[in-house]
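Residues per chain, in single letters:
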Amino acid sequence: MTLTRREALVGGAAALVLPSSASVATTPDAVPILRAGPATLQLAPENYPATDVWAYDARIPGPVIRVRRGERLRRDFLNELPQPSTI
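Colleague: Please give an account of the overall build of the chain that cites residues and values.
Modeller: Of the regular secondary structure elements, the chain holds one helix and four strands. Listing each helix as α and each strand as β along the chain from the N terminus yields α-β-β-β-β. For the chain, buried positions account for 23% of its 87 residues. Contacts in the chain between residues far apart in sequence, at least 24 positions, make up 50% of those at least 6 positions apart. Counting every atom, the chain has about 6,900 Å² of accessible surface; 55% of that belongs to carbon and sulfur.

Here it is as structure tokens:
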């Protein structure tokens with residue numbers, strides 16, 4: 001099976017915004033929280049300085065989420081960015 005550039009881009013974009021239930025914080029009623037906020041990550045080789053980024057749960061790409069078809073999904077979104085944001 002050959003993957004087109006469009007399919008690769010769509011898959012990559014989805015990986016950036018969909019959280020993983022295993023790695024996100026939860027509220028007291030167990031609804032996972034996806035946090036968007038500034039972070040500093042080492043994207044370049046170690047001899048370069050860390051890069052300031054906007055990330056989900058301090059990760060680039062953000063965490064992955066897996067659900068079964070028809071399964072209900074609920075996440076709370078906490079925007080800690082200096083700009084309005086939606087997911």
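So that's the structure; there's more coming.
Colleague: Kindly report on unusual backbone geometry, identifying the contributing residues and their values.
Modeller: Cis geometry marks the peptide bond from I60 to P61, where omega comes out at -15 degrees. Summarising the element assignment, P61 is placed in the loop between β3 (51–56) and β4 (76–79). The phi dihedral of A58 is positive, around 60 degrees, even though this residue is not glycine. With respect to the element layout, A58 can be found in the loop between β3 and β4.

Conventions we followed
Residues numbered from 1 in each chain as written. Predicted model: local features only at pLDDT ≥ 70, side-chain atom pairs only at ≥ 80, totals over all residues. Heavy atoms only, no water. Helix = DSSP H or I, 4+ residues; strand = E, 2+ residues; numbered from the N terminus. Buried < 20%, exposed > 50% of the residue type's maximum accessible area, 1.4 Å probe, protein only. Contact = heavy atoms within 4.5 Å. Areas by Shrake-Rupley, 256 points an atom, 1.4 Å probe, with all protein chains shown as cover.

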